[in-house]
Amino acid sequence: MNTFTIIFLIALTLSFSTQYWLSKRQSKHVLNHRGQVPNAFKEKVSLEAHQKAADYTVAKARVSDIDSILGVIFMLILTVGGGIGLAFEYWSTLGFGSVTTGLGAITSIFLVMHVLELPTTIYQTFVIEEKFGFNRTTPRQYIKDQFIQIILMMVIGLPILALIIWIMDSVGSLWWLWAWAFLIGFSLLMSWLFPTVIAPLFNKFTPLEEGDLKQRINGLLERCGFKSKGIFIMDGSKRSGHGNAYFTGIGNNKRIVFFDTLVESLDDEELEAVLAHELGHFKCKHVIKMLCATSVMTLISFAVLGWLIGEDWFYTGLGVSVPSNAAALLLFMMVSPVFTFFTQPISAFFQRKFEFEADDFAANNAKASMLISGLVKLYEENANTLTPDPLYSAFHYSHPPAAIRIAHLEANPAYG
């Protein structure tokens, strides 16, 4: 056991114990406030709906805790337990080149991880979501989705992974810069292709019919100077009762998408306000800012890997006796979240800041009161807790807690 093994085990213990402690804080805080609807929502949310949200939040947390424990155990088996090292040793005996050997070993580990995650995923879908009335996925649909995901991984993921390994093996000491440029370029391409090529593999997208809602939305788009390739209704109800709205794509391939469950839940003015919030992300350049931030963090990650790849202690400390570029890549992908866990509040802070800015944009281009009304309906129908633990939400919430978000909207000068 070298020094890095000890550092890794300490970091893993700290990150897991903190995450587990935060989860228990969240459940305790939610249950302590289960008996009474917060004052800000007493006239809008029933006690029954509030208690359902509390029970749903706690049930999901319990499954997440189990998943985290199993994840730590599997992490230890793969790293200090030598699992990754054994996988690479086996593939190296088959006589393939370095790219194929690395690709085979990494794919094997990912497939095993995917299979081990299936029980909790199935339980979450067919027990928890079913119990609270959200699941509409059939076993056949679930299997179909799994099959499509595996096919996409093979058709898209494997060639990308193979090319990155080849770059690592062939380009020289600045391989990390070339790999970063390639990965960012590919991500942009996938963002452009997603609305019309990837998403339709999983859902049906129907153009919004002519009528008052479309006229209202077109008026909003014109006021905001937003051009898209169309407004679509997605059949989200075939998998879940949760509702949502988003815009997707970049450049000249942008789409506005409403879940059919959302259209059924909100009236036209509320839908307009919710969409105005989503457009706010675009007009405030949040997409570009997040893309830039992601690009910088990815570059830093590749640069760190570029340094670690030549250090023997990195491999031996994580259970790999025979160094290779592909093994370094896999080790880094698996253990880096352990060391970056405590940066989550920074990312969550900026995401929540963006949400406030998008809400302000919506208040100025639609009706703040209608956005509040729509949000409250979404909180209630999606069983989102109105009373999250402040510390837990600081780590895990990309959106401001309900009470804080609505108070911010009510303080906007345009509210009325």
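Located above this text is the structure these notes cover.
Residues numbered from 1 in each chain as written. Predicted model: local features only at pLDDT ≥ 70, side-chain atom pairs only at ≥ 80, totals over all residues. Heavy atoms only, no water.

## Some remarks on the sheet that holds strand β4 (residues 255–259)
Within a sheet, neighbouring strands are paired by backbone hydrogen bonds and run either parallel or antiparallel to one another.
Thought 1: Strand order in the open sheet formed by 4 strands is β1-β2-β4-β3, and the pairing between neighbours is mixed. Only two strands of the sheet have a single partner each, and these edge strands are β1 (205–207) and β3 (245–248). Across the sheet, the mean angle from the axis of one strand to that of its neighbour is 30°, orientation sign disregarded.
Thought 2: The sheet contact formed by β3 and β4 spans 4 bridges and is antiparallel. Bridge pairing in β4 places T248 opposite R255.
Thought 3: Contacts between helix α9 (residues 268–283) and the sheet are confined to β3 and β4, with β3 contributing the most and set at about 35° to the helix. (Pairing = 2+ DSSP bridges. Helix = DSSP H or I, 4+ residues; strand = E, 2+ residues; numbered from the N terminus. Axes fitted to C-alpha atoms, helices over the stretch in contact; angles between N-to-C directions. Contact = heavy atoms within 4.5 Å.)

## What to know about the side chain of S237
Thought 1: With respect to the secondary-structure elements, S237 resides in the loop between β2 (231–234) and β3.
Thought 2: Here D260 takes part through its side chain, which lies 2.6 Å from a polar atom of the side chain of S237.
Thought 3: Discounting chain neighbours no more than four positions away, the residues touching S237 are R136, D260 and T261. (Polar contact = N/O pair within 3.5 Å; in protein donor to acceptor, adjacent residues only side chain to side chain.)

## Here's the deal with the pattern of salt bridges
Thought 1: In this structure the tally under the stated criterion is 12 salt bridges.
Thought 2: Residues R239 and D145 are paired through a salt bridge, measuring 2.7 Å at the closest nitrogen-oxygen approach. Pair noted here: R239 is in the loop between β2 and β3 and D145 is in helix α5 (residues 139–170), with a separation of 94 residues, a long-range link.
Thought 3: Note on R239: relative accessible area 17%, which makes it buried.
Thought 4: With a closest N to O distance of 3.1 Å, E272 and R223 form a salt bridge. With E272 in helix α9 and R223 in helix α7 (residues 212–224), the pair connects residues that are 49 residues apart, well separated along the chain.
Thought 5: In this structure, a network of salt bridges that share partners links the residues R216, R223 and E272. (Salt bridge = Lys/Arg side-chain N within 4 Å of Asp/Glu carboxyl O. Buried < 20%, exposed > 50% of the residue type's maximum accessible area, 1.4 Å probe, protein only.)

## Let's talk about the side chain of T387
Thought 1: Note that T387 resides in the loop between α14 (368–381) and α15 (390–396).
Thought 2: T387 has contacts with H29, V30, H33, P38 and H50, leaving out every residue within four places of it along the chain.

## Things to note about α9
Thought 1: Compared with an ideal rise of 1.5 Å per residue, which puts 16 residues at 22 Å, α9 spans 22 Å between its outermost C-alpha atoms and is within 8% of the ideal.
Thought 2: α9 sits mainly inside the fold: 12 of its 16 residues count as buried.
Thought 3: Those residues of α9 lying buried are E270, L271, E272, A273, V274, L275, A276, H277, E278, L279, G280 and H281.
Thought 4: Just downstream of α9 lies K285, where phi reads positive at about 60°. (Expected span 1.5 Å × (residues − 1).)

## A few points about unusual backbone geometry
Thought 1: Notably, K285 is not glycine yet its phi reads approximately 60°, a positive angle.
Thought 2: Its location among the elements puts K285 in the loop between α9 and α10 (286–308).
Thought 3: Its identity is not glycine, yet A383 carries a phi of approximately 55°, on the positive side.
Thought 4: For A383, the position within the fold is in the loop between α14 and α15.
Thought 5: Given the relative accessible area of 2%, A383 is considered buried.

## Observations concerning the nonpolar core
Thought 1: F41, I217, I256, F258, L262 and L279 are the most contacted members of the largest nonpolar core, which has 47 residues in total.
Thought 2: Elements that contribute at least two residues to this core include exactly α7, β2, β3, β4, α9, α13 (344–365), α14 and α16 (402–410).
Thought 3: Here this core gets 8 residues from one element, more than from any other, and that element is α14.
Thought 4: Setting aside chain neighbours within four positions, we find F41 in contact with V376, L386, A402, A403 and I406.
Thought 5: If you look at the next biggest cluster of nonpolar residues, it comprises 43 residues, including A105, A179, V320 and A327. (Core = buried A, V, L, I, M, F, W, Y, C linked by side-chain atoms within 4.5 Å.)

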